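# Descriptive analysis of the structure
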Amino acid sequence: MKMKGSIGFLHLVVTTLFVAASAGNFYQDFEITWGDGRAKILENGQSLSLSLDKASGSGFRSKNEYMFAKIDMQLKLVPGNSAGTVTTYYLSSQGPSHDEIDFEFLGNLSGDPYTLHTNVFTQGKGNREQQFHLWFDPTNDFHTYSILWNSQSIIFSVDGIPIREFKNLESKGVDFPKKQPMRIYGSLWDAENWATRGGLVKTDWAQAPFIATYRNFNAQVCFWTSSGSSCSSNKSPSWLRESLDSNGLAKLHWAEKNYMIYNYCTDTKRFPQGPPSECLA
Ligand SMILES: *[C@@H]1O[C@H](CO)[C@@H](O)[C@H](O)[C@H]1NC(C)=O
C-alpha cells in the first residue's frame, strides 16, 4: 500500500506530526453519507442521531482513515419494538479484499433482548461471528462500545469490559488487518429479512421512525503514511501495544460464559472439518 509521488509526500508531512485525538466532535470528525436528512448532528456536534423509516435508513462515516485506533463511542439504541432494525458501528477499509471490525446491534420485540453481533473481516473474508446478549437494557441509556485495533490485537469492549479479542495469529497463517487504513462507520438500516430469528419477525413500520443516538466519540488514532503507521509526538503510545492481561481475560471469560449466545468457533455444523485456525490457537 505504498503511496506515490507528491500526494504521498504531502500526506507524510501532514500526518507524521499528527496524533489525534481526544474528545471528538461529530462535525469535525464525521460526515453524513446517506439517508436524505435522516442523520442529524446535534448539540453543537456532541451527538449524532440516525433515523430509519420505511423509505430509508441513514448513516455516517469518519472523514479520516485510520491505521490503528482506540475508539470509544456511546450509543443509545432504538427503544421499544426494534425488531428488524440493525444499528451498526464499525471500522472498515474499502474494496473486495477489505478488512472490517464490526459491532452490529440487532433489534428485537419489546422486552426481548438485543443481540450484539460482532465480526472480523480480513482480506474480504468474514465468517467470524460472535454474538452476545447484554447485561443491561441498551435502549434505556447510553453505554460505551469500544474498539481497540493495533498490530497485535483487536479488542471489542462494552462499558470497559472486553467481550472479544481477535489476536494477530499471522504466525499461524491467519490474516490480520494491518495493511489497509480503515474509516469508522455508523448506520441504522432495515434488516427484517435477516436480523430477527432469520426474518421470522418483521419490522413494525407503525413504530417508525426508529432512532438511535451516538455521542461522546473519543479516539486515539494513528494515520497511514508512506513510511508506515504514524501516531504522534508520542511516537509509540501504549495502546499500540495493548492486549488483554489476566484481568482483562478474566472479564472476557465472564462475558463469554454469561452472555455469549453464538460463537463460530464452536459451530461444528458449519465447520464439520474443524473450526478455522484462529479458533485453535
Ligand atoms: C430476541 O429475543 C429472543 C427471545 O429472547 C432471543 O432468542 C433472540 O436471540 C433475540 N434477538 C434477536 C435478534 O432475535
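Please refer to the structure higher up on the page.
Quantities reported herein were computed from a predicted structural model and do not represent experimental measurements.

What counts, and where the lines are drawn
- Residues numbered from 1 in each chain as written.
- Predicted model: local features only at pLDDT ≥ 70, side-chain atom pairs only at ≥ 80, totals over all residues.
- Heavy atoms only, no water.
- Disulfide = S-S within 2.5 Å.
- Helix = DSSP H or I, 4+ residues; strand = E, 2+ residues; numbered from the N terminus.
- Pairing = 2+ DSSP bridges.
- Axes fitted to C-alpha atoms, helices over the stretch in contact; angles between N-to-C directions.
- Salt bridge = Lys/Arg side-chain N within 4 Å of Asp/Glu carboxyl O.
- Buried < 20%, exposed > 50% of the residue type's maximum accessible area, 1.4 Å probe, protein only.

Summed over the entire model, instances satisfying the criterion amount to 1 disulfide. Bridging Cys 265 to Cys 279, the disulfide has an S-S length of 2.0 Å. Taking the torsion about the sulfur-sulfur bond, which here is approximately -70°, the covalent link between Cys 265 and Cys 279 counts as left-handed. Residue Cys 265 is located in the loop between β17 (260–263) and α4 (277–280), and its partner Cys 279 is located in helix α4; the two are separated by 14 residues in the primary sequence.

This part takes up the sheet that holds strand β13 (residues 183–190). Spatially, the 8 strands line up as an open sheet ordered β1-β4-β13-β6-β7-β8-β9-β17, and their pairing is antiparallel. Two strands bound the open sheet, and with one partner strand each, they are β1 (30–34) and β17. Each strand of the sheet is rotated relative to its neighbour by a mean of 15°, with strand direction disregarded. When β1 meets strand β4 (residues 58–62), the two strands line up antiparallel, connected through 4 bridges. Bridge pairing in β4 links Phe 30 to Ser 62.

Let's shift gears to the pattern of salt bridges. Here the structure, examined in full by the defined rule, presents 7 salt bridges. Between Arg 38 and Asp 53 there is a salt bridge whose closest N-O contact spans 2.9 Å. Of this pair, Arg 38 sits in the loop between β1 and β2 (40–42) while Asp 53 sits in the loop between β3 (47–52) and β4; the two residues are 15 residues apart in sequence, bridging distant segments of the chain. Judged by relative accessible area, which is 17%, Arg 38 ranks as buried. We note a salt bridge from Arg 183 to Glu 65, for which the minimum N-O separation is 3.8 Å. Separated by 118 residues along the polypeptide, Arg 183 in strand β13 and Glu 65 in the loop between β4 and β5 (69–76) bring together distant segments of the chain. Using a relative accessible area of 13% as the deciding quantity, one classes Arg 183 as buried.

Moving on, we come to the pairing of strand β14 (residues 210–221). Pairing analysis gives 6 bridges linking β3 to β14, with the strands arranged antiparallel. Residue Ser 51 lies in a different strand from β14, and its bridge partner there is Ile 211. As judged from the 7 bridges shared by β5 and β14, these two strands associate in the antiparallel manner. Considered in β14, the bridge of Ala 69 is made with Val 221.

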